[in-house]
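For reference, the chains in residue letters:
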Amino acid sequence: MDKQKLVALTFDDGPSIGTTEQILDVLEENQVVASFFLIGQQITDETADLIRRAHSMGCSIENHSRTHSYMTQMSEEEIVEEITDTSDKIRKITGEAPQFFRPPYIDYDQKMYDRIDLTFICGYGCEDWEESVTAKERVRRVLEAAKPGYIILMHDSANNIQTVEAVKEIIPTLKKQGFTFVNIRGLFEKSGIHPQHNVIYMGADEVQ
Ligand SMILES: [Zn+2]
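Nothing here was measured: the structure is a model prediction, and the numbers come from that model.

Novice: Teacher, can you tell me more about the nonpolar core here?
Specialist: The biggest cluster of nonpolar side chains holds 34 residues, and the ones touching the most others in it are L9, L27, F36, I152 and M154. Those elements that provide at least two residues to this core are β1 (6–14), α1 (19–30), β2 (35–38), α2 (48–56), α5 (135–144), β7 (150–155) and α6 (161–176). When residues in this core are grouped by element, the largest group, six residues, is from α6. Once you skip the residues sitting within four places of it in the chain, L9 turns out to touch L27, A34, S35, I152, M154, V167, I171, F181 and V182. Formed by 13 residues, the second largest nonpolar core is a distinct cluster that contains M74, F101, F120 and C122.

In structure tokens, the structure reads:
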């Protein structure tokens, strides 16, 4: 079989009332799935419904730490707490534990690899946390870097409406180019790649 053109859209720093909901609307309209890397302390009774909705749509819910801090400066106990707290909360809501982890600020070291039993993910961002990077520019950067196995890194943080606008254009354009959207688990499964530990993935077959 020819190599499939798979792409995984991933969102960090949610769940956020407003933004996450709008991202889910766009995914639904386009009938695609994505992955959400959640900050544990933002998982509340108020945001639990957004997580349930994303999960029921076929999106995967993954771990982005509890407090979104620089984790290389933490003790081993603190590292473990950051991860297990967030994974426990997600499992209680979705019935499924995270399998992937994106380190806050992509700050990681061997101590974290040793203590965190999840696959480390990075991917390609477009500086969508910068207000000055317009929706149009975000679209341009994401489309420019597109290739099979591509992991797109964006943020469904509070009030990040420019990313909602960008995603509205990114999804149909990549679909037209023949890309299939999968969640981060599907990206590895459908590529036939078993995720390794002690590496961080930029794409399905690309490590940093
Ligand atoms: Zn983040």
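What follows continues from the structure just given.
Novice: In this structure, what is going on with the coordination of the zinc ion? I would like to understand it.
Specialist: Angles at a metal have ideal values that depend on geometry: 109.5 degrees with four tetrahedral donors, 90 or 180 degrees with six octahedral donors. With distances of 2.1 Å, the protein atoms coordinating the zinc ion are D13 (OD), H64 (NE2) and H68 (NE2). Every donor residue of the zinc ion comes from the same chain, spaced as D-x50-H-x3-H. In this pair, D13 sits in strand β1 while H64 sits in the loop between β3 (60–63) and α3 (76–94), placing the two residues 51 residues apart along the sequence. Neither residue differs from the other here; D13 and H64 are each classed as buried.

Novice: Explain unusual backbone geometry to me, please; I cannot follow it from the model alone.
Specialist: Phi is mostly negative for residues that are not glycine, and the peptide bonds are mostly trans. Cis geometry is found at the peptide bond from G14 to P15, where omega equals 0°. Mapped onto the elements, P15 comes out in the loop between β1 and α1. Of note in this structure, S65 is not a glycine but carries a positive phi near 80°. Mapped onto the secondary structure, S65 falls in the loop between β3 and α3. Phi is positive for H68, close to 55°, though the residue is something other than glycine. Relative to the helices and strands, H68 is located in the loop between β3 and α3.

Scoring rules and cut-offs
Residues numbered from 1 in each chain as written. Predicted model: local features only at pLDDT ≥ 70, side-chain atom pairs only at ≥ 80, totals over all residues. Heavy atoms only, no water. Core = buried A, V, L, I, M, F, W, Y, C linked by side-chain atoms within 4.5 Å. Buried < 20%, exposed > 50% of the residue type's maximum accessible area, 1.4 Å probe, protein only. Helix = DSSP H or I, 4+ residues; strand = E, 2+ residues; numbered from the N terminus. Contact = heavy atoms within 4.5 Å. Donors = N, O, S within 2.8 Å, 3.2 Å for Na, K, Ca; no water.

Worth remembering: the numbers are spatial, not functional.
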